[in-house]
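Commentary on secondary and tertiary structure
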Amino acid sequence: MKNLGQAKPGETVRVAKLTGEGALKRRIMDMGITKGCEVRVEKVAPLGDPVEVHLRGYALSLRKSEAECIELA
């Protein structure tokens, strides 16, 4: 299954599942990324870290390790 870390800039995707454990999963959910949420990838840094996304009316930067814990539909 594809994860958010593999999405390309300009792509709009839907979250299918969060695979992180414990505090990491809670942190991602606290940022507003939940199952069914629509996320648009704005930018990816040259080395892939961080990833800038836009969701629920605001922009958010995620570490690549965090983005890889978000599986897409």
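What comes next concerns the included structure. All chains use their own residue numbering, which begins from 1 and follows the written sequence. This being a predicted model, a pLDDT of at least 70 is required before a residue's local features are given, and a value of 80 or more before pairs of side-chain atoms are given or counted; all residues contribute to the totals for chains, interfaces and linings. Excluded from the side-chain calculations are hydrogens and water; all other atoms, namely the structure's heavy atoms, are used.

Here we come to the overall build of the protein. A helix here means a DSSP run of H or I that spans at least four residues, while a strand means a run of E at least two residues long, and both kinds are numbered starting from the N terminus. On a plain count of helices and strands, the protein comes out with two helices and five strands. Scanning the protein from its N terminus toward the C terminus, one meets helices and strands in the order β-α-β-β-β-α-β. Atoms counted for the radius of gyration: C-alpha only. Globule rule: 2.2 Å times residue count to the power 0.38. For 73 residues, the compact-globule formula gives about 11 Å, and the C-alpha radius of gyration of the protein, at 11 Å, lands near that figure. In terms of overall dimensions, the protein has C-alpha extents of about 30 × 25 × 20 Å along its principal axes. For each residue, the accessible area found with a 1.4 Å probe, counting protein chains only, is set against the maximum for its type, and the residue is called buried under 20%, exposed over 50%, and partly exposed in between. Taken across its 73 residues, the protein has 36% of its residues classed as buried. The long-range fraction of contacts in the protein, counting pairs at least 24 apart against all pairs at least 6 apart in sequence, stands at 58%. Each accessible area value is a Shrake-Rupley result obtained with a 1.4 Å probe; residue values ignore everything except the protein chains displayed when judging cover. Surface exposure of the protein reaches about 4,400 Å², of which carbon and sulfur atoms provide 50%. Both charge centroids of the protein, one from 13 positive and one from 10 negative side chains, sit 3 Å from each other. Between two residues, a contact is recorded if the distance between any of their heavy atoms is within 4.5 Å. Positive charges are assigned to Lys and Arg, negative charges to Asp and Glu, while His and the chain termini are left out of the count. Charge placement uses NZ in Lys and CZ in Arg. For Asp and Glu, CG and CD serve respectively.

What follows concerns unusual backbone geometry. Notably, R56 is not glycine yet its phi reads approximately 50°, a positive angle. Tracing the backbone shows R56 in the loop between β3 (51-55) and β4 (58-62). Looking at R56, the relative accessible area reads 53%, which means it is exposed.

To continue, consider the side chain of E71. The residue E71 is located in strand β5 (residues 70-72) in this model. Note on definitions: salt bridges are taken to be side-chain nitrogens of Lys or Arg within 4 Å of carboxyl oxygens of Asp or Glu. As a buried residue without a salt bridge, E71 has its nearest oppositely charged side chain in K17, at a separation of 4.8 Å. Aside from chain neighbours lying at most four places away, what touches E71 is M1, K2, N3, R14, V15, A16, K17 and T19.

For this analysis, a nonpolar core means a set of buried residues of the types Ala, Val, Leu, Ile, Met, Phe, Trp, Tyr and Cys, connected via side-chain atoms within 4.5 Å. By size, the foremost hydrophobic cluster in this structure holds 20 residues, and its most contacted members are L4, I33, V39, V53, L62 and I70. For this core, the secondary structure elements donating two or more residues are β1 (12-18), β2 (38-44), β3, β4 and β5. In this structure V53 touches L4, V39, R40, V41, E42, Y58, A59, L60 and L62, once residues within four positions along its chain are discounted.

Okay, the sheet that holds β5 next. Spatial strand order, β4-β3-β2-β1-β5: five strands in an open sheet with antiparallel pairing. With one partner strand each, in any of the chains shown, β4 and β5 form the two edges of the open sheet. Strand-to-strand twist across the sheet, computed as the mean angle between neighbouring axes with direction ignored, equals 45°. With three bridges connecting them, β1 and β2 associate as antiparallel partners. Considered in β2, the bridge of V13 is made with V39. For two strands to be treated as a pair, DSSP must find at least two bridges joining them. Here an angle of 0 to 180 degrees is reported between the N-to-C directions of two axes, which are lines fitted to C-alpha atoms, with helices fitted over the stretch in contact.

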